[in-house]
Amino acid sequence: MKLKVLNLISGGDTGGAKTHIIALSKGLAEFVDTKVVCFIKDTFYEDLKAEGINIEYFEQKSRFDLSVIKKLEEEVKKEKYDLIHSHGARANFVSLLLKRRVDLPFVTTIHSDYELDFKDTFYKKIIFTNVNKFALKRFDYYISVSDTFKEMMVSRGFPADRNFVVYNGIDTEKERDFIPREDFLNNFSIDLPKGLIFGISARLDQVKDHMTFLRAVEVANKDFPGNTYLIAGEGHESENLRAYVKEKDLKNVYFIGYTTDIFSFYNAIDVNVLTSLSESFPYALLEGGLLKKPIISTEVGGIPKLVDEDTGFLFQPGDFKRLSEIIIHISKNKEIINKLGNNLREKIEEKFSNRAMALSHYRIYEKILKESKNKVLILGYYGFDNSGDDAILEAITTELKKIDEDLSLTVLSKSPSATERDYGIRALNRFSPLDVYKGMKLSDIFLFGGGTLLQDRTSTRSIRYYLATLKLADKLNKKTMAYANGMGPIDGEKNRRLTRKALEKIGLITLRDQDSYDFLKDLGVENKNVKVTQDPVFTIEGTDKARVEEIFRNEKIPTNVRLTGISLRPWDNDQATIGAIEELIEKTADSFLLIPMHQADDIKILERIRGDRVYLLKNEYDVRDLIGIMGSLDFLIGMRLHSLIYAAIARTPMLGLSYDPKVDGLLKDLEMKPAIGVDGIEGRILINEYEDLKARAGEFRETLSRNAEEKIQTARENGRLFYDYLKG
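Note that this is a predicted model, so its numbers are computed, not measured. (Residues numbered from 1 in each chain as written. Predicted model: local features only at pLDDT ≥ 70, side-chain atom pairs only at ≥ 80, totals over all residues. Heavy atoms only, no water.)

Student: I tried to follow the overall build of the protein chain on my own but got confused; where do I start?
Tutor: Helix and strand counts for the protein chain come out as 29 helices and 27 strands. Taken along its principal axes, the extent of the C-alpha atoms in the protein chain is 95 × 60 × 45 Å. Within the protein chain, buried positions represent 58% of all 728 residues. At a minimum sequence separation of 6, the contacts of the protein chain that also span at least 24 residues come to 71%. When the accessible surface of the protein chain is split by element, carbon and sulfur atoms take 46% of a total near 30700 Å². On the protein chain, the mean spot of the 108 positive side-chain charges and the mean spot of the 113 negative ones are 4 Å from each other. (Helix = DSSP H or I, 4+ residues; strand = E, 2+ residues; numbered from the N terminus. Buried < 20%, exposed > 50% of the residue type's maximum accessible area, 1.4 Å probe, protein only. Contact = heavy atoms within 4.5 Å. Areas by Shrake-Rupley, 256 points an atom, 1.4 Å probe, with all protein chains shown as cover. Lys, Arg positive; Asp, Glu negative; His and termini not counted. Charge placed at Lys NZ, Arg CZ, Asp CG, Glu CD.)

Student: What am I meant to see in the layout of surface pockets here?
Tutor: Sizing a probe to match a water molecule and rolling it over the atoms shows the empty space that remains. Considering only enclosed or pocket space, the second largest pocket measures out at about 1200 Å³ in volume. Lining the second largest pocket are 40 residues, and of these Lys-99, Asp-140, Arg-426, Lys-438 and Leu-442 sit closest to its centre. With seven residues, helix 17 (residues 433-442) is the single largest residue contributor to the lining of the second largest pocket. Across the lining of the second largest pocket, the residue classes tally to 16 nonpolar, seven polar and 17 charged. (1 Å grid on protein atoms, 1.4 Å probe; cavity = no way out; pocket = protein on both sides within 12 Å on 5 of 7 lines; lining within 4 Å. Points joined across faces, edges and corners; volume = space filled by probe spheres on them. Nonpolar A, V, L, I, M, F, W, Y, C, P; charged D, E, K, R; others polar.)

Student: I keep staring at the packing of helix 28 (residues 697-715) against helix 29 (residues 717-727) and nothing clicks. Help me out?
Tutor: When two helices pack together, their arrangement is given by the angle between the helix axes and by the axis-to-axis distance. Interaxial distance between helix 28 and helix 29 falls to 5 Å at its minimum, and their mutual angle equals 10°. Our classification of the angle between helix 28 and helix 29 gives roughly parallel. Residues Gln-713, Thr-714 and Ala-715 of helix 28 pack against Glu-717, Asn-718, Gly-719 and Arg-720 of helix 29. Of the residues contributing to the contact of helix 28 with helix 29, the split by class is one nonpolar, four polar and two charged. (Axes fitted to C-alpha atoms, helices over the stretch in contact; angles between N-to-C directions. Parallel < 35°, antiparallel > 145°, perpendicular 65-115°, else oblique.)

Student: Hey, could you run me through the sheet that holds strand 11 (residues 271-274) in this one?
Tutor: Strands in a sheet are paired, the pairing made by backbone hydrogen bonds, and the direction either parallel or antiparallel. The six strands lie next to each other as 10-9-8-11-12-13, forming an open sheet whose pairing is parallel. Each edge of the open sheet carries a strand with a single partner, namely strand 10 (253-257) and strand 13 (312-315). Pairs of neighbouring strands in the sheet enclose a mean axial angle of 20°, with direction left out of account. Across five bridges, strand 8 (residues 197-201) lies against strand 9 (residues 228-232) in parallel orientation. Its bridge partner being in strand 9, Ile-200 is matched across the sheet by Ile-231. Of the strands in this sheet, strand 8, strand 9, strand 10, strand 11 and strand 13 are in contact with helix 8 (residues 210-220), which crosses strand 9 at around 170°. Packing of helix 12 (residues 320-332) onto the sheet brings it into contact with strand 8, strand 9, strand 11, strand 12 (295-298) and strand 13, and relative to strand 13 it is tilted by some 165°. (Pairing = 2+ DSSP bridges.)

Student: What is the right way to read the sheet that holds strand 23 (residues 591-594) from this model?
Tutor: The strand order across the open sheet built from six strands is 24-23-22-25-26-27, with neighbouring strands paired in parallel fashion. Strands at the two margins of the open sheet, each flanked by one partner only, are strand 24 (614-616) and strand 27 (676-677). Strand direction decides the pairing type here: strand 22 (residues 563-567) and strand 25 (residues 635-638), joined by four bridges, are parallel. From the neighbouring strand, Thr-564 faces strand 25, where its bridge partner is Phe-635.

Student: What should I look at first to understand the pairing of strand 12 in this one?
Tutor: The alternating pattern of strand 12 places Ile-295 and Ser-297 and Ile-296 and Thr-298 on opposite faces, both of which are buried. Where strand 11 lies against strand 12, three bridges are found, and the strand directions are parallel. The partner of Val-273 across the bridge, within strand 12, is Ile-296. With four bridges joining them, strand 12 and strand 13 adopt parallel strand pairing. In the strand pairing of strand 13, Ile-295 is matched with Gly-312.

Student: Whenever I open this one, the nonpolar core confuses me. Can you help?
Tutor: When a protein is soluble and globular, its nonpolar side chains tend to lie buried together. Core analysis: the largest hydrophobic core is formed by 88 residues, its most contacted members being Met-654 and Phe-722. Among the elements that line this core, the one with the most residues is helix 25 (residues 641-649), at seven residues. Once residues lying within four places of it in the same chain are set aside, the contact partners of Phe-722 are Val-376, Leu-400, Leu-407, Ile-445, Leu-447, Met-481, Tyr-483 and Leu-508. Formed by 51 residues, the second largest nonpolar core is a distinct cluster that contains Val-107, Leu-185, Ile-348 and Ile-364. (Core = buried A, V, L, I, M, F, W, Y, C linked by side-chain atoms within 4.5 Å.)

Student: Is there a simple way to explain a positive patch on the surface in this structure?
Tutor: Where like charges cluster on the molecular surface, the positive patch consists of Arg-464, Lys-471, Lys-475, Lys-494, Arg-497 and Lys-501. Secondary structure elements with two or more residues in the positive patch: helix 18 (460-475) and helix 19 (493-504). (Patch = residues over 30% accessible without salt bridge, like charges linked within 9 Å, V, L, I, M, F, W, Y side chains within 5 Å. Salt bridge = Lys/Arg side-chain N within 4 Å of Asp/Glu carboxyl O.)

Student: Any chance you could explain a nonpolar patch on the surface here in plain terms?
Tutor: A cluster of nonpolar side chains, contributed by Phe-64, Phe-122, Ile-126 and Ile-127, occupies part of the molecular surface with about 430 Å² of accessible area. Within the secondary structure, Phe-64 is located in the loop between strand 3 (55-57) and helix 3 (67-79).

Student: Explain the environment of Ser-417 to me, please; I cannot follow it from the model alone.
Tutor: Position of Ser-417 among the secondary structure elements: in helix 16 (residues 416-423). Linking Ser-417 and Asp-491, residues 74 residues apart in sequence, is a C-alpha distance of 35 Å.

Student: Is there a simple way to explain the side chain of His-85 in this structure?
Tutor: Note that His-85 resides in strand 4 (residues 83-87). Engagement of the side chain of His-85 in a polar contact is seen with the side chain of Thr-109, the distance being 2.7 Å. Filtering out sequence-adjacent residues up to four positions away, His-85 remains in contact with Val-5, Leu-6, Asn-7, Leu-8, Leu-24, Val-107, Thr-108, Thr-109, Ile-143, His-361 and Tyr-365. (Polar contact = N/O pair within 3.5 Å; in protein donor to acceptor, adjacent residues only side chain to side chain.)

Student: Would you take a moment to explain helix 25 for this structure?
Tutor: An α-helix turns once every 3.6 residues. As a result, residues three or four positions apart point the same way. Where burial is concerned, most of helix 25 is hidden: nine out of the nine residues are buried. When we look at burial in helix 25, the residues that qualify are Leu-641, His-642, Ser-643, Leu-644, Ile-645, Tyr-646, Ala-647, Ala-648 and Ile-649. One or two residues past the end of helix 25 sits Arg-651, with phi positive at roughly 65°.

Student: I tried to follow the pairing of strand 14 (residues 375-379) on my own but got confused; where do I start?
Tutor: Where a strand is regular, its side chains alternate between the two sheet faces. Most of strand 14 sits out of view: four of its five residues are buried. By the bridge criterion, five bridges tie strand 14 to strand 15 (residues 408-413) in an arrangement that is parallel. Paired with Leu-377 across the strands is Thr-410, a residue of strand 15. Considered for its hand, the β-α-β crossover made up of strand 14, helix 15 (residues 387-403) and strand 15 is right-handed. As paired elements, strand 14 and strand 17 (residues 445-448) share four bridges and run parallel to each other. Across the sheet, Ile-378 pairs through a bridge with Leu-447, a residue of strand 17. (Right-handed = clockwise from strand over helix to strand, strands pointing away.)

Student: Would you mind going over the environment of Gly-542 with me for this structure?
Tutor: In this structure, Gly-542 sits in the loop between strand 21 (530-532) and helix 21 (545-555). Counting along the chain gives 167 residues from Gly-542 to Glu-709, while the straight-line C-alpha distance between them is 14 Å. Gly-542 has contacts with Arg-624, Ile-627 and Gly-628, leaving out every residue within four places of it along the chain.

Student: Can you walk me through the side chain of Ser-516 in this structure?
Tutor: Within the secondary structure layout, Ser-516 lies in helix 20 (residues 514-523). Within the local environment of Ser-516, its side chain forms a polar contact with the backbone nitrogen of Met-487, the two atoms lying 2.9 Å apart. Not counting residues up to four positions away in its chain, the partners in contact with Ser-516 are Asn-485, Gly-486, Met-487 and Leu-511.

Student: Help me understand the packing of helix 19 against helix 20, please; the structure alone is not making it clear to me.
Tutor: With their axes 10 Å apart at the nearest point, helix 19 and helix 20 run at an angle of 105° to one another. Regarding the angle of helix 19 to helix 20, the classification is roughly perpendicular. Packed against helix 19, whose contacting residues are Arg-496, Thr-499, Arg-500 and Leu-503, the element helix 20 presents Phe-519, Leu-520, Asp-522 and Leu-523 at the interface. Of the residues assigned to the contact of helix 19 with helix 20, the class counts are four nonpolar, one polar and three charged.

Here it is as structure tokens:
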């Protein structure tokens, strides 16, 4: 049975958008049952009808006429579509509202830079650009028509793993009708020129930058006044451009307006020109290429994928002098036109056919539908700029994608845009009740992420938040897994009772240490689906030596000295801890590197440490960089749990400063020296333990090598257990 896809588009589209929909619909006909709905009845509607494409008109009197939403909802439910595919700003806004009524995946194609779409009109730029931006953020998936557009989207916070790239394709087998060159020119009272004809077909908007074209013509006319230049299109810049032509007396420039007979236009010209400031992968170049018209274009968007030294010429946006040089070069060497044109046609047939484009879309649709049946909602202490918790998220998502790349992962985060940017996955606001509810409702499984979430040592508000999400998952009958959690301490009696009740209902619990298992038993949890594994961060590898050397150079940290790392966090007994550290620094000849794990918090305590040979890691680094840095150290004195885990991964002997039982538990598992409690810490004790660590360094490295490798393998069990549970 074929997939059913509903395409939404405004219907006022001409040029590239129309060509794209026609090419895509025809190419997909073999694999997908497609229908197009448009909201404006114009030539777009008539042309698609003439091509035999299934299109229907749903009248929308203005962009904000919402009466079409109900009609679309009825259409979707009646025809049982699998997926909604949107094209353009108006369709994106309609999709935003429709998405609230139908439970289907929504994808939109990024045909242009949405920041520039309404550049020519101030009020449209302010209103429509922001409305479109808001709508785009709510889509499930994106198809960019060039790699540069995907990079643009990711740089603006859109998730990389939900952004695909498919270059435009065109029907290379269909015969194109066109009239002879002379007849086309006669229609506009243009005489056959002695020289070449250079043409540009693009709407007359600022982003298309026709002014660069005209300035280049002005220069080229000094050497080749016999050339002719045609401009096809209409738009806001028409008056300015015509005024410039009149002012500069460019008698060989002709504005021919919008033409529906585009292939007669391309047949009439010798060279196809594009001067845009921004482009995706324009059909204007593909259409001209079918008639073997070589290209001169700005080096923007995906155009370099089509235009190279064998098919045409590229220049930088706004560089009219370089454009004029290219025009003059071609005018002097007319014989290259046929060679470049033939090469271009061959390249289009090989790489940019509508069938190739359609096949790529079909595979994307299949992937989207697979992901829509494997939706995972992940919750942890994410988006707080805490290296340890961010490392947990990276470890979990990397491991799950290794197991099944079609899993659809969504994270509840304090900083959704930063999480999407840094990890390339979708994120929702953990503090928005609506986001949490919608994310939970649409998920197939709730993954209660790693870390010690269920504890009330830091606050009761935190544990109640996490317990509330578990209760919501239970209420919505969602599969739930606690993934490599640490547990406790929980001191409040009500918190203990609520936690016990919540954990009894979880379908699968994996714990990162034996102490957490013992805590659950002490709490009275009788859930039989509990397994001790390891912290998922053990599966992450550090960056290479060259990257660490680069970091040290930038931070002005010496690499030819014995270097011991120190990682502290704020705690009740800060001054005593700092005093002990400073006494150690004074009594030893070693150098020390202060490493913040939670930049905003840790830097405050680390900056208070005084002493010679002390260096501070000032910039923020990701988990792989920090593990690499740990690997360059001789030893680590660590307070935060994940600083010790990073050191273990890097096989660096460590001394723990304990503020929480989880630190003691980890060191016990690793067979390292027992932690020094921060309560009542003294300099002499720290010095003695540090000297003993140095004396037994070889022994501890050997122990770490054995134990860390075992923990890496055990940590991978989390992913396998998750997948078995999901599919069971």
